[in-house]
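One letter stands for each residue in the lines below.
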Amino acid sequence: DPSRHDVTGRHAQDFAPLKGKRVGLITNQTGVDRNGRSTIDLLAHVPGVKLVALFSPEHGIRGLLDERVPSTKDAATGLPVYSLYGEIERPTDAMLKGLDVLVFDIQDAGVRFYTYITTMAYTMEAAAGHHLDYFVLDRPDPLGGERIEGPMLDRDRTNFTGYFPMPVRMGMTLGEMAKMFNVEKKIGCILHVIRMQNWKRSDWYDQTGLPWVNPSPNLRSNKAGILYPGLEILRAGGISVGRGTDKPFERLGAPWIRGEEFAESMNRRAIPGVRFEPDRFTPDAGIYKGELCQGVRVVVADRAALQTMRMGMEIAAARSKMYPGKFEVAKMIALVGNAATIEQLKNGEAPSAIVAGWDKNLAAFRRIRVKFLLYQ
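Being a predicted model, the structure only gives us computed values, none of them experimental.

Undergrad: Break down the sheet that holds strand β7 (residues 190-194) for me, citing the residues and quoting the values.
TA: The sheet built from 7 strands is open, its strands ordered β3-β4-β2-β1-β5-β6-β7 with mixed pairing. The sheet terminates laterally at β3 (72-73) and β7, the two strands that pair on one side only. Across 5 bridges, strand β1 (residues 22-27) lies against strand β2 (residues 50-56) in parallel orientation. Of the residues in β2, the one forming a bridge with Leu25 is Leu54. Each of β5 (101-105), β6 (133-137) and β7 is contacted by helix α5 (residues 174-184), which is oriented at about 160° to β7, the strand it contacts most.

Okay, structure coming up:
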């Protein structure tokens, strides 16, 4: 039963490695067991464990904010909640004073530019600098642990939305990435990954039996999570990806798009696993707030066949061709993170050729990645 992954991993040990320790917990609303009980609550009541500080990532400790996050106090425990998103992205010496251990328990999205990855890495670096043990309570890659997609992050483009040169979809759990960062980035922290049990690399999140908890305000389902990497890269180019509607990351549009025309164009491209239906919506947040947008609903027909990043390239190519001057491919560099891919799109190269051009670098990444995999 894969839904036992977080019970057999952490509860079976009864948090024994943390007994007698002063603990700082990096978590948010996704840090819950299969019964919905938060890791904050669990650790606060384990005899012999002293939970003394909480740290929150982007979107805050409750995952409700789409803006800079202030530091606060936790209402239930009275503990300080130090924000690591906003003015401060790394724990300060004062925040870490008196701690013996940092524990990371957050559900990831399986996508390189999701910032929880960087928050984990930055707190690992802080732990190394202060000689603190660092525990990752591992959780599934919600997109499964097999498919690797997208261009590699250019080495000179590492930042808060791209900590390590890897593809957009890396097919790794946070525990596996922690091991990789610790070695390949020479962080050298005292790392302990509390492994899941019964999770298989072939499992999508909705096959684990675990409850879905929105990892961020706009990522509201496993389906949206599957489309997220291929659609979110388009937002910087000047389109709405459904933020501020009831279906973020399941639709896209703009005031200058003709929905039926664009849906027909996309369906002619015959992208495996997906089809496009005309759509119209008025977002109440984000780009084009309050403006009527036309575009498409993205319908996943076969998620195993869908290459999300190829879909993103196909949409970008179609937009550039149909609406020159409206869709700004160059701005996609922020999340695509690969200058060669952006140049190819600007030059009108076929998306199939662009995707095939990633293969050599993906093969090199696989050779690094395989050394750190924990699950079959």
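Undergrad: Summarise the environment of Arg258; cite the residues concerned and give the values.
TA: Inspection of the secondary structure assignment puts Arg258 in the loop between β8 (251-254) and α7 (259-268). Arg258 gets classed as partly exposed once you look at its relative accessible area, which sits at 46%. Considered as a pair, Arg258 and Asp105 are 153 residues apart in the sequence and their alpha carbons are 44 Å apart. With sequence-adjacent residues up to four places away left out, Arg258 is seen in contact with Gln294 and Tyr323.

Undergrad: How would you explain the packing of aromatic side chains if you had to name every residue and give the values?
TA: We describe a pair of aromatic rings using the distance from one ring centre to the other and the angle between the two ring planes. Per the stated rule, a full pass over the model turns up 14 aromatic pairs. Between Tyr114 and Tyr228 the ring centres are 5.7 Å apart and the planes differ by 85°, which places this aromatic pair in the edge-to-face class. With Tyr114 in the loop between β5 and α4 (116-129) and Tyr228 in helix α6 (residues 222-235), this residue pair connects regions lying 114 residues apart in the sequence. With a centroid separation of 6.1 Å and an interplanar angle of 75°, the aromatic rings of Tyr122 and Tyr163 are classed as edge-to-face. Of this pair, Tyr122 sits in helix α4 while Tyr163 sits in the loop between β6 and α5; the two residues are 41 residues apart in sequence, bridging distant segments of the chain. In textbook terms, an aromatic cluster arises when at least three aromatic residues are bridged by ring pairs, as seen for Tyr85, Tyr122, Phe160, Tyr163, Phe164 and Phe181. For Arg319, the ring lying beneath its charged end belongs to Phe262, and the centroid distance is 4.3 Å.

Undergrad: Account for the pattern of salt bridges, naming residues and giving values.
TA: On inspection of all chains with the given rule, the structure shows 25 salt bridges. Measuring nitrogen to oxygen at the nearest pair gives 3.3 Å for the salt bridge that ties Glu184 to Lys371. Residue Glu184 is located in helix α5, and its partner Lys371 is located in the segment after α12 (359-369); the two are separated by 187 residues in the primary sequence. Judged by its relative accessible area of 28%, Glu184 falls in the partly exposed class. Residue classification places Lys371 among the exposed residues on the basis of a relative accessible area of 53%. The closest approach of N and O atoms between Asp203 and Lys200, which form a salt bridge, is 3.5 Å. Given a relative accessible area of 5%, Asp203 falls into the buried group. Under the relative-accessibility criterion, Lys200 is labelled partly exposed at 46%. Where salt bridges share partners, they join Asp246, Arg251, Arg275, Glu277, Asp279 and Arg297 into one cluster.

Undergrad: Can you explain helix α8 (residues 308-322)? Please cite residues and give values.
TA: For α8, which comprises 15 residues, the first-to-last C-alpha distance of 21 Å matches the rise-based estimate of 21 Å (1.5 Å per residue) to within 8%. Among the 15 residues of α8, 12 are classified as buried, and the element is accordingly described as predominantly covered. Among the residues of α8, those classed as buried are Thr308, Met309, Arg310, Met311, Gly312, Met313, Glu314, Ile315, Ala316, Ala317, Ala318 and Arg319.

Undergrad: Summarise the pairing of strand β4 (residues 80-83); cite the residues concerned and give the values.
TA: Every second residue of β4 is oriented toward a common face, the buried set being Val81 and Ser83 and the non-buried set Pro80 and Tyr82. Across 3 bridges, β2 lies against β4 in parallel orientation. Its bridge partner being in β4, Phe55 is matched across the sheet by Tyr82. Of the strand pairs in this sheet, β3 and β4 are connected by 2 bridges, and their pairing is antiparallel. Looking at β4, one finds that Lys73 is bridged to Pro80. Connecting β3 to the antiparallel partner β4 that follows it, the hairpin turn spans 6 residues, and Gly78 within it adopts a positive phi of roughly 75°.

Undergrad: Lay out the nonpolar core in plain terms, naming residues and giving numbers.
TA: By size, the foremost hydrophobic cluster in this structure holds 99 residues, and its most contacted members are Met120, Tyr134, Met177, Phe181, Met311 and Met332. Among the elements that make up this core, the one with the highest residue count is α4 (9 residues). If you look at the next biggest cluster of nonpolar residues, it comprises 19 residues, including Val23, Leu42, Leu79 and Val103.

Undergrad: Give a detailed account of the side chain of Asp33, specifying residues and quantitative values.
TA: Mapping Asp33 onto the fold places it in the loop between β1 and α2 (39-44). One buried charge, Asp33, has no salt-bridge partner; the nearest side chain with opposite charge is Arg37, at 6.0 Å. There is a polar contact of 2.9 Å between the side chain of Asp33 and the backbone nitrogen of Asn35.

What counts, and where the lines are drawn
Note on numbering: residues in each chain are counted from 1, in written sequence order. Local features in this predicted model are restricted to residues whose pLDDT is 70 or higher, and side-chain atom pairs enter the listing and the counts only when it is 80 or higher, whereas totals over whole chains, interfaces and linings include all residues. Neither water nor hydrogens contribute to the side-chain values; these are computed over all heavy atoms in the structure. Following DSSP output, two strands are said to pair if at least two bridges run between them. The helix and strand labels rest on DSSP assignments: H or I over at least four residues marks a helix, E over at least two residues marks a strand, and numbering proceeds from the N terminus. Only heavy atoms matter for contacts: two residues are in contact if any of them lie within 4.5 Å across the pair. Axis lines are fitted through C-alpha atoms, for helices just across the contact stretch, and the angle between N-to-C directions can take any value from 0 to 180 degrees. Residue exposure (1.4 Å probe, protein chains only): buried if accessible area is under 20% of the type maximum, exposed if over 50%, otherwise partly exposed. Any pair of Phe, Tyr and Trp rings, taking the six-membered ring for Trp, is counted once the centres come within 6.5 Å. Such a pair is stacked with planes under 30 degrees apart, edge-to-face with planes over 60 apart, and tilted for the rest. Throughout this description, the term charge over a ring refers to an Arg CZ or Lys NZ atom that lies within 6 Å of the ring centre and within 35 degrees of the ring normal. For salt bridges, the criterion is a side-chain nitrogen of Lys or Arg within 4 Å of an Asp or Glu carboxyl oxygen. Take the residue count of a helix, subtract one, and multiply by 1.5 Å to get its expected span. We call a set of buried residues a nonpolar core when its members are Ala, Val, Leu, Ile, Met, Phe, Trp, Tyr or Cys and they connect through side-chain atoms within 4.5 Å of each other. Note on charges: Lys and Arg go in the positive column, Asp and Glu in the negative column, and His and the chain ends are not counted at all. In protein, a polar contact requires one atom able to donate a hydrogen and another able to accept it; more generally it is a pair of N or O atoms within 3.5 Å, and residues adjacent in sequence count only if both atoms are side-chain atoms.

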